[in-house]
Amino acid sequence: MKNRISLPRVEGTASRQAHADLPPGTFEREISKEGFFGPAAFFHHRHPPTGWVNFEGPLRPHAFDLNKLDKSQNSPWSAPTILHNAHVQVRYCTLETSMDHLARNADGDDLLFVHAGMGELFCDYGRLSVTAGDYILLPRGTMWRFENAQPLALLMIEAVNASYSLPDKGILGGHAIFDPAMLDVPQMDAAFVTQQRDDVWQVKVKRRNSISVVTYPFNPLDATGWHGDLCVVRINVKDIRPVLSHRYHLPPSAHTTFVGDRFVVCTFVPRPFETDPGALKVPFFHNNDDYDEVIFYHAGDFFSRDNIGPGMMTLHPCGFTHGPHPKALKNMLVQSKPATNEYAVMIDSRDALEIGDAASAVEWQGYVDSWKEK
Ligand SMILES: [Fe+2]
């Protein structure tokens, strides 16, 4: 039995409500356990906690421009690995043309996020149209391929040796953020039947990150029907209805979309800014002391980040103090826009992430200095 130490106290000149009514001229920094769910302390600093003049050593933030990666893949299994550890693997896959084979992941569930393009997914369960902004959850073992209408750019998030689930919505109720009835599933329609041609097809199976190739004299996506309670599902970011408070800046955990083992996937979508005069309107400074934080920027204006555009990814390792960039901090005081206009995918990992070689090659080396006042 463990009993968490809980001792709400207030010391010195401080606000009593987190993220609100900060003492004039101060910058709030949160130290928190368990990714904003656990015990936390809120400090009121005289200087922005990101105001360093020099930063040395291995605890560094990273930013990668995934737009600069090689785009010549025809298979998800030749897509470069960006970040990885024992529980999550993140790849970035660009399919300029339709896949000429089927893929199957025997290592874990894959969550695809369609950053760009559109096409048709053909899989064991049928056919599903996909477009930018779609999340597609492929249960481990599913055979699948894309027929492109436009080149596809996919963020692939693998739950290594594990399954995805939906977050517990708690007091919000199960139909908040998105209703499970909004999850689309593939159809066994005429287009699915038409592609069941008797020509030679290969299935490239990934197991323990090695590829085996199985050749059939027919298209193995030849099911006539199925039943069960496991399926490919899709939801588009535009169908996510974020929770918000006009009086309180909610932590990123309020935007959790999918849950893996020892990591979560959250989605930032447009939402009105807080209107309470005392409420913080940009993310608070913090270290997220138990998690590595990854954000993939999909579309829109990234309101707390300067010089970050669509197709880029940042990694803020556990223990690295971060928060809004200087421009965003200034804009907060003269708020002209009524709402954020950003779409981004966040991955919070309980274990440290390793950086793949391909990601290192497209790293923005000056990112650690991007919090400096220009
Ligand atoms: Fe963060």
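Note: the structure precedes this text.
As a starting point, this report considers the structure included with it. The structure displayed is predicted, hence computed values, not measured ones. (Residues numbered from 1 in each chain as written. Predicted model: local features only at pLDDT ≥ 70, side-chain atom pairs only at ≥ 80, totals over all residues. Heavy atoms only, no water.)

1. A few points about the overall build of the protein
Phase 1: Looking only at helices and strands, the protein features three helices and 20 strands.
Phase 2: Computed over its C-alpha atoms, the radius of gyration of the protein comes to 22 Å, within 12% of the 21 Å expected for a compact globule of 374 residues.
Phase 3: For the C-alpha atoms alone, the extent of the protein along its principal axes is close to 75 × 50 × 45 Å.
Phase 4: The 374 residues of the protein split such that 51% are buried.
Phase 5: Taking the contacts inside the protein whose residues are at least 6 apart along the sequence as the reference set, 73% of them involve residues at least 24 apart. (Helix = DSSP H or I, 4+ residues; strand = E, 2+ residues; numbered from the N terminus. Rg over C-alpha atoms; globule rule 2.2 N^0.38 Å. Buried < 20%, exposed > 50% of the residue type's maximum accessible area, 1.4 Å probe, protein only. Contact = heavy atoms within 4.5 Å.)

2. Some details on the environment of Leu111
Phase 1: Inspection of the secondary structure assignment puts Leu111 in strand S7 (residues 108-123).
Phase 2: Spatially, the C-alpha atom of Leu111 lies 6.7 Å from that of Tyr135, the residues being 24 residues apart in sequence.
Phase 3: Residues contacting Leu111, with those up to four places away along its chain left out, are Tyr135, Ile136, Leu137, Leu155, Met156, Ile157, Tyr164, Phe258 and Val265.

3. What about the side chain of Gln73?
Phase 1: Relative to the assigned elements, Gln73 resides in the loop between strand S3 (62-65) and strand S4 (81-84).
Phase 2: Looking at Gln73, the relative accessible area reads 7%, which means it is buried.
Phase 3: Of the polar contacts made by the side chain of Gln73, one reaches the backbone nitrogen of Thr94; its length is 2.7 Å.
Phase 4: In this structure Gln73 touches Ser78, Ala79, Pro80, Tyr92, Cys93, Thr94, Leu95 and Glu96, once residues within four positions along its chain are discounted. (Polar contact = N/O pair within 3.5 Å; in protein donor to acceptor, adjacent residues only side chain to side chain.)

4. With respect to the coordination of the iron ion
Phase 1: Note on the iron ion: its protein donors are His286 (NE2), Glu293 (OE), Glu293 (OE) and His322 (NE2). The metal-donor distances range over 1.9 to 2.5 Å.
Phase 2: Its four donor atoms give the iron ion angles of 58 to 145 degrees at the centre, a pattern that matches the irregular case.
Phase 3: Each donor residue of the iron ion lies on one chain, and together they are spaced H-x6-E-x28-H.
Phase 4: In this structure Glu293 comes out as buried when scored by relative accessible area, which is 5%. (Donors = N, O, S within 2.8 Å, 3.2 Å for Na, K, Ca; no water. Tetrahedral: all angles 85-135°; square planar, octahedral: opposite > 155°, others 65-115°.)

5. A word on the sheet that holds strand S19 (residues 341-349)
Phase 1: The strand order S3-S18-S17-S19-S15-S14 describes an open sheet built from six strands, whose pairing is antiparallel. Either end of the sheet is taken by a strand with one partner, and the two such strands are S3 and strand S14 (256-259). Averaged over all neighbouring strand pairs, the angle between strand axes comes to 20 degrees, with direction disregarded.
Phase 2: Sheet analysis places strand S17 (residues 292-301) next to S19, joined by nine bridges and oriented antiparallel. (Pairing = 2+ DSSP bridges. Axes fitted to C-alpha atoms, helices over the stretch in contact; angles between N-to-C directions.)

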